[in-house]
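# Residue-level structural notes
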Amino acid sequence: MTEASVPRPTSSRARWAVPAVVAVAVTGAFLAPPLLASADESVLPDVTPGQLVTTIAAAEPVPLSGTVVYTARLGLPEIPLAEMTGADPIALLGGSSTLRVWTDGAERSRVALLGSASEYSVVQDGAEAWTYSSSDDAVVHYTLSAADQARFDALADDARAGTLPEVAGGLPTPDEAARAALAQVEQYSTVAMGDQTTVAGRDAYQLVVTPKDASTLIGKVVVAIDAETSTPLRVQTWSSTDSSSPALEIGFTDVAFTTPDDAVLAFSAPAGAAVKDVVVPLPEMTGAEPETAPGTLPEGVSITGTGWETVTTWSGLDVASLIAGDPAALATVPGAELTIGSESAQDLIEEFMPSDGSGSPSIPTLDTSVLYDQLTTAVPEGRLLSSTLLSVLVTDDGRVLVGAVPAETLRAMA
Amino acid sequence: MSHADVLADGSADAAELRPSSTPVRGAWGRLVRSELRLVFGRRRNQALLAGLAAVPLLLGLVLFVTRDSALAGQGPGFVGRVTGNGLFLVVAALIMCLPFLLPLTIGIATGEAIAGEASSGTLRYLLAVPVSRTRLLAVKAVATMTFVAAAVLAIGLVALAVGAAFFGLTDVTLLSGTTIPLADGVLRVAGVAAYVTLSLTGLVAVGLFFSTLTEVPVGAMAATVIVAIVSAVLDTLPQLAAIHPALLTHHWLDFAEFLRVEVDWGVLSSGMAVQAAWVAIFGSLAWSRFVTADVSS
């Protein structure tokens, strides 16, 4: 009451200075920590790429939990689907997503993709895995068949006993493995050490892999490695078309190297959830990588070019029926007839027709087809998906060309 | 209870307590109590609470009627989970009220707190009470916040009762697919309600500032609601991603953190820090305005 009755102009002006000071202080409090963190000079001993790769190969997997932010700037058309469906792996195609990661460093781990009021979880326990989507309360349980499970257990026991079966000409020491891997990479790229950095508050080395080929879309790959545990903390993939920000970036914003709580790593399907069981075949241990032995490629797959310019071609694929898991629903999608031209696609539709009554719901199916139409553009050769890192061309005659090369290269090859 | 009653009450307190103009111990408590009696005694505020409490009732009723139809299990957020576990009705009702009804409640409460008193000519009598304007503003803020907390509590309690009656309460399936016992679930949902209440503090500060600017309570109310809506709209524009974390409404839905397998307190505290920043800035603005303003009516 006294303040109002006594006129004091200077004081009233002084009073208005208070909010200004508060605003500056608050802004400072929010902006200062990141600035301080980035100003912090990390001083780690210098290492060569070879030494770093050796320590990575020798490092034991460590238990950790943390928050990962994944950002994709792939230059794809904007997809509003992610906003509508909640936490869904489709959201990873563009924009920024937050994931939470837990692992005990051995057999069990959990990854959760966070939505604003939803979550998509993947829980892995040895050879078993579950996915749980909170939006539709659905569980998918991936297991091995009984025979495969026995084989997996035997392999796991061998691994624990230290007698792994020969994978590729004797078990190399970490040093040899690192050298071999580095030699493999250096065939087509230059490997160098980048500036030391700080990721999630931890000092890290950066390994920069730059392709030697000029015609690939990939500019460079930068991997930040934790200096203490040799755990990769961040991977940035830069496109050659955009040097201002990485096209794909996945990295920890927060990490703790402690064993996660058992409740986090355990999973059992919640009551009332729709559970779908999927049996996954365990591949035979052939030891032959497609890159090292092109002769063993499956039928219908061919590879053109080397290194980063490699273009893989699949022929005889039914892209339309692959994308739309439910062919009956596909027939109702306008414009879909254009892509189901072949006879085998018609056969497939007839084959799947009887069983689709109890099959997957039609709404997600429709989404994937619409998504495919949204993401790809029509070109004379077929449909083209062009991103800052990867181009995919689906030709009208059923061939799929994939490569980290500009779209024009693929179109010229088709 | 009319303003006159309360003011008479307040003046009586003042007359009884005040030999000089120095603030007296106990006057603060009396003032808060009198302000709370005024706020909760207003018919329109009681009607507002009843209306908010009707939201979970209506929502529960609709879900109960349609639970066996093809429409069951659909809906945004947690609506689809309510039929399985009545506890989720609390979360679903809060989500429904959060974008508009709760900001509207804040707008009404803050608009009434200062602009309303000014427009009805009672503010200058209130200023005659031997309490500094700073304290008076704090009393107004506390009373408004209490009313907002009561609104959230009313929604939550009615939702819990309706949910338990219609759908029953069972073990809670979290967003991560983990099932926890009901008692833990109730605690986590209580955490959701607490977080929702606290994340409205920033808007209360903004509303009080608007309320000090004008003598038209409707103007202050509308401005407060507009701030909440504009903030929510800006939050959807990807071009403004850089300022999203600072927006008033950006962290409102982070209460979902309570429903994940491992609650990340960092996420929750960053949401609270943003609210604290808004309270600091707009609280100090409201203070500057209120202590320097000429109150003529």
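All values derive from a computational prediction rather than experimental measurement. (Residues numbered from 1 in each chain as written. Chains lettered and ligands numbered in written order. Predicted model: local features only at pLDDT ≥ 70, side-chain atom pairs only at ≥ 80, totals over all residues. Heavy atoms only, no water.)

## With respect to the overall build of chain A
Here is the rule: A run of H or I in DSSP becomes a helix once it reaches four residues, and a run of E becomes a strand once it reaches two; helices and strands are each numbered from the N terminus. Categorising residues by exposure relies on relative accessible area from a 1.4 Å probe, with only protein chains included: less than 20% of the type maximum marks a residue as buried, more than 50% marks it as exposed, and the intermediate range marks it as partly exposed. Here the open area of atoms and residues is found with the Shrake-Rupley method and a 1.4 Å probe, where only the protein chains shown may cover a residue.
Check the secondary structure of chain A and you find 12 helices and 19 strands. Buried positions account for 36% of the 414 residues belonging to chain A. For chain A, the exposed surface amounts to about 22400 Å²; the carbon and sulfur share of it is 60%.

## Topic: the confidence of the model for chain B
Residues and elements named next belong to chain B. Put simply, the rule reads: The predictor attaches a confidence to each residue, and that confidence, scored 0 to 100, is pLDDT. Only heavy atoms enter the contact rule, under which two residues are in contact if any of them lie within 4.5 Å.
Overall, the prediction assigns chain B a mean pLDDT of 87, with 89% of residues at 70 or greater. When pLDDT is averaged over each element of chain B, helix H9 (residues 201-213) comes out on top at 96 and helix H1 (residues 3-17) at the bottom at 44. Every residue in residues 1-21 scores below 50 in pLDDT, and together they form 23 contacts with partners more than four places removed in sequence or on other chains.

## Focus on the interface of chain A and chain B
How we decide: One side-chain nitrogen of Lys or Arg within 4 Å of one carboxyl oxygen of Asp or Glu is enough to make a salt bridge. Counted as a polar contact is a pair of N or O atoms within 3.5 Å, where, for protein atoms, one must be capable of donating a hydrogen and the other of accepting one, and residues adjacent in sequence contribute only when both atoms are in side chains.
Counting residues at the interface gives 32 residues for chain A and 34 residues for chain B. The interface formed by chain A and chain B includes three salt bridges. The closest approach of N and O atoms between Arg100 of chain A and Glu257 of chain B, which form a salt bridge, is 2.4 Å. Where chain A touches chain B, the interface holds 11 residue pairs in polar contact (both at pLDDT 80 or more). Put simply, the parts of the chain that give the side of chain A that touches chain B at least two residues each are helix H1 (2-5), helix H2 (9-39), strand S2 (95-103), strand S3 (108-114), strand S4 (119-125) and helix H7 (262-265) of chain A. The element contributing the most residues to the side of chain A that touches chain B is H2 of chain A, with nine residues.

## Digging into the nonpolar core
Residue and element names in this part refer to chain B. Applied cut-off: Joining through side-chain atoms within 4.5 Å is the link that ties buried Ala, Val, Leu, Ile, Met, Phe, Trp, Tyr and Cys residues into a set, and such a set is a nonpolar core.
Formed by 80 residues in total, the largest nonpolar core has its most connected members in Phe78, Leu94, Leu102, Val196, Leu200 and Phe255. Top element by residues in this core is helix H7 (residues 133-167). It accounts for 13 residues. Sequence-distant contacts of Phe255, that is, excluding residues within four places in its chain, are made with Phe78, Val91, Ile95, Leu98, Val192, Tyr195 and Val196.

## A look at unusual backbone geometry
All names here are of chain A. In this structure, Asp137 takes a positive phi of about 50° despite not being glycine. Considering the arrangement of structural elements, one finds Asp137 in the loop between strand S5 (128-133) and strand S6 (138-144). Note on Asp137: relative accessible area 25%, which makes it partly exposed. With a phi angle near 60°, Ser230 is a residue other than glycine that sits in the positive phi range. Tracing the backbone through its elements, the reader meets Ser230 in the loop between strand S10 (218-226) and strand S11 (232-239). Assessed through its relative accessible area of 13%, Ser230 is described here as buried.

## Remarks on helix H11 (residues 265-292) of chain B
Here is the rule: Here, expected helix span is obtained from the residue count minus one, scaled by 1.5 Å.
Its 28 residues give H11 of chain B an end-to-end C-alpha distance of 40 Å, which sits within 8% of 40 Å, the value for a rise of 1.5 Å per residue. Listed in full, the buried residues belonging to H11 of chain B are Leu268, Gly271, Val274, Gln275, Ala277, Phe282, Ser284, Leu285, Ala286, Ser288, Phe290 and Val291 of chain B.

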